[in-house]
Amino acid sequence: MRITPLDIRKQPFRKVMWGFDPDEVNSFLEMVAGEFEALIKHNNEIATEAKSGSEKLETYQKIEKVLNQTLITAQKATDDARVNAQREADLIIKDSHIRAASFEDESRRRVHDLHNELLILKSQRDSFFSRFKSLLANQLLLLDTLSDDVKSLDSNESKKGVKPPVQETLAEIDAGIGISAPDDSVV
């Protein structure tokens, strides 16, 4: 059973003959009731503060829990980001190696193709020079032959006074390519 200040103030006592002074007892009871009332008030204030502190503690514990979860989530996200960045870096490096190898292969193939083209062009050049030399040699032989024929005809015709037909033909060829005909008087 709880005792309240009102219980203390209203507590009845029996009267006996040789007992305590009722005014003194009442005065003491009033003082005890006042102190008891102050203690109850103080106790209520402490209980209110304790309840408020308990509520704040729960709030802080919830905040701490949320912060811990956030920290764990952030740590996990950081770890995941680091792992993903490493994977991406590895993929970029692998891709660059593949591209470099591809460029290297393409360059080697291109160099090989250009080398082959160069060999073909050299072969064509050598063939052209060979054919051109042969053509020039044949033309020189033909000119020598014609020249010999012209000289022999000239010598035969000059004896007869007739202009050789080969010389007329040579004069026409020379006129066609822009060379003036030789002077008959020089011959």
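Keep in mind that what you see is a predicted model, and the values were worked out from it rather than measured.

J.: Explanation requested: the overall build of the chain in the structure shown.
T.: Looking only at helices and strands, one finds three helices and zero strands in the chain. Written out in order from the N terminus, the α and β elements of the chain read α-α-α. Buried residues in the chain amount to 5% of all 187 residues. When contacts within the chain are restricted to residue pairs at least 6 apart in sequence, long-range pairs at least 24 apart make up 44% of them.

J.: Would you mind showing me how to read the pattern of salt bridges here?
T.: A pair can form between side chains of opposite charge whenever their charged atoms are brought close. The tally for this structure, following the rule as stated, stands at seven salt bridges. The shortest N-O distance in the salt bridge between Arg-109 and Asp-113 comes to 2.5 Å. With Arg-109 and Asp-113 both in helix H2 (residues 22-160), this residue pair falls four residues apart, about one helical turn. Relative accessible area serves as the criterion here: at 41%, Arg-109 is assigned to the partly exposed category. With relative accessibility at 25%, the residue Asp-113 sits in the partly exposed group.

J.: I keep staring at the environment of Phe-28 and nothing clicks. Help me out?
T.: By secondary structure assignment, the location of Phe-28 is in helix H2. By relative accessible area, which is 48% here, Phe-28 ends up partly exposed. In the structure, Phe-28 is positioned 19 residues away from Arg-9 in sequence and 9.7 Å away in space, judged by C-alpha atoms.

J.: What should I look at first to understand the confidence of the model for the chain in this one?
T.: Reading predicted coordinates in detail is not appropriate for stretches of low pLDDT. For the chain, per-residue confidence averages 84 on the pLDDT scale, and residues scoring 70 or more make up 83% of the total. Summarising per-element confidence for the chain, the mean pLDDT is lowest in helix H3 (residues 165-177) (58) and highest in H2 (91).

J.: Looking at this structure, how should I read a nonpolar patch on the surface?
T.: A cluster of nonpolar residues, Phe-128, Phe-129, Phe-132, Leu-135 and Leu-136, forms a patch on the protein surface that exposes about 470 Å² of accessible area. Of note, Phe-128 is situated in helix H2.

J.: Where do I start with the packing of aromatic side chains in this structure?
T.: To describe a pair of aromatic rings, you give the distance between the ring centres and the angle between the ring planes. Taken as a whole and judged by the stated rule, the model has two aromatic pairs. Between Phe-128 and Phe-129, the aromatic rings sit 6.1 Å apart at their centres with planes inclined by 50 degrees, giving tilted as the arrangement. Judged by relative accessible area, Phe-128 falls into the partly exposed class, the value being 43%. A ring pair is formed by Phe-128 and Phe-132, whose centres lie 5.6 Å apart and whose planes are at 15 degrees; its orientation type is stacked. Of this pair, Phe-128 and Phe-132 are both found in helix H2, four residues apart, which corresponds to roughly one turn of the helix. Through a chain of ring-to-ring contacts, three or more aromatic side chains come together here, namely Phe-128, Phe-129 and Phe-132.

Conventions used here
- Residue positions are given per chain, counting from 1 as you read along its sequence in written order.
- Residues qualify for local features only when their pLDDT is at least 70, as the model is predicted, and side-chain atom pairs are given and counted only at 80 or more; totals for whole chains, interfaces and linings, by contrast, use all residues.
- Excluding hydrogens and water, the side-chain values take into account all heavy atoms of the structure.
- Numbered from the N terminus, helices here are DSSP runs of H or I no shorter than four residues, and strands are runs of E no shorter than two.
- A simple rule labels every residue: compare its accessible area, found with a 1.4 Å probe on the protein chains alone, to the largest value its type can have, and call it buried under 20%, exposed over 50%, or partly exposed in between.
- Two residues form a contact once any of their heavy atoms are found within 4.5 Å.
- Any carboxyl oxygen of Asp or Glu that lies within 4 Å of a side-chain nitrogen of Lys or Arg is treated as forming a salt bridge with it.
- On a range of 0 to 100, pLDDT expresses the predictor's confidence in each residue.
- Two joining distances apply to patches: 9 Å for like charges and 5 Å for nonpolar side chains (Val, Leu, Ile, Met, Phe, Trp, Tyr), and every residue must have over 30% relative accessible area and no salt bridge.
- Here the Shrake-Rupley method, with its probe set to 1.4 Å, supplies the accessible areas, and only the displayed protein chains count as covering residues.
- Two aromatic rings, drawn from Phe, Tyr or Trp (for Trp, its six-membered ring), form a pair once their centres lie within 6.5 Å of each other, and the interplanar angle then sorts them: stacked below 30 degrees, edge-to-face above 60, tilted otherwise.

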